[in-house]
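Spelled out from the first residue to the last, the chains are:
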Amino acid sequence: MSRVCELTAKGRQVGNNVSHANNKTKRTFLPNLQNVTLISDALGRSVRLRVSMNGLRSVEHVGGLDNWLLKTSDDLLSPRAAKLKKEIKKQATAAAA
C-alpha cells in the first residue's frame, strides 16, 4: 500500500540524517497516515479513507468531507476520492432539481 494521503496527496519526503560529526546519510520522512471513517452528509453514508492527520485537520476546518472534496481540484485527489467527489456532485444536482 502506498504511503500517500488520499485527500491531500501528501507523500514521503527524502532528507538527511546529520550526525554530530556532520556525516550525512539518506532517510525518509513519512506522513502520519491513519485509516479514518469520514461521514458524507450528501451521500448519507460513511467512507473509509487513508488520510494524513494534517489532511484531517483541514477537512474539519473547511466543514466536513463534502465541502473539502468540492473545494479541492481533481488532480490532487486519489482515484477513490475523485470518484467520491463525482458522486457528491451528482447527489447535489439531484437534490437541487
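Everything in this summary refers to the structure shown in the same document. In this text, all values refer to a predicted model and were calculated from it rather than measured experimentally.

1. As for the nonpolar core
Right, on to step 1. Leu 7, Leu 38, Leu 49, Val 51, Leu 65, Leu 69 and Leu 84 are the most contacted members of the largest nonpolar core, which has 17 residues in total.
Right, on to step 2. Of all the secondary-structure elements, those providing two or more residues to this core are strand S3 (33-40), strand S4 (45-52), helix H1 (53-62), helix H2 (65-71) and helix H3 (79-96).
Right, on to step 3. Each residue touching Val 51, except ones within four places of it in the same chain, is listed here: Cys 5, Leu 7, Asn 32, Leu 33, Gln 34, Val 36 and Leu 56.

2. A short note on the environment of Lys 83
Right, on to step 1. In this structure, Lys 83 sits in helix H3.
Right, on to step 2. Put simply, Lys 83 and Gly 44 are 39 residues apart on the chain and 16 Å apart in space, counted from C-alpha to C-alpha.

3. Thoughts on unusual backbone geometry
Right, on to step 1. Positioned with a positive phi, Ala 9 is a non-glycine residue whose angle comes to about 60°.
Right, on to step 2. In the Ramachandran plot, Asn 22 falls in the positive-phi region, its phi being about 65° despite a non-glycine side chain.
Right, on to step 3. The exposure class of Asn 22 is partly exposed, given its relative accessible area of 47%.

Each value, and the rule that gives it
- Residues numbered from 1 in each chain as written.
- Predicted model: local features only at pLDDT ≥ 70, side-chain atom pairs only at ≥ 80, totals over all residues.
- Heavy atoms only, no water.
- Core = buried A, V, L, I, M, F, W, Y, C linked by side-chain atoms within 4.5 Å.
- Buried < 20%, exposed > 50% of the residue type's maximum accessible area, 1.4 Å probe, protein only.
- Helix = DSSP H or I, 4+ residues; strand = E, 2+ residues; numbered from the N terminus.
- Contact = heavy atoms within 4.5 Å.

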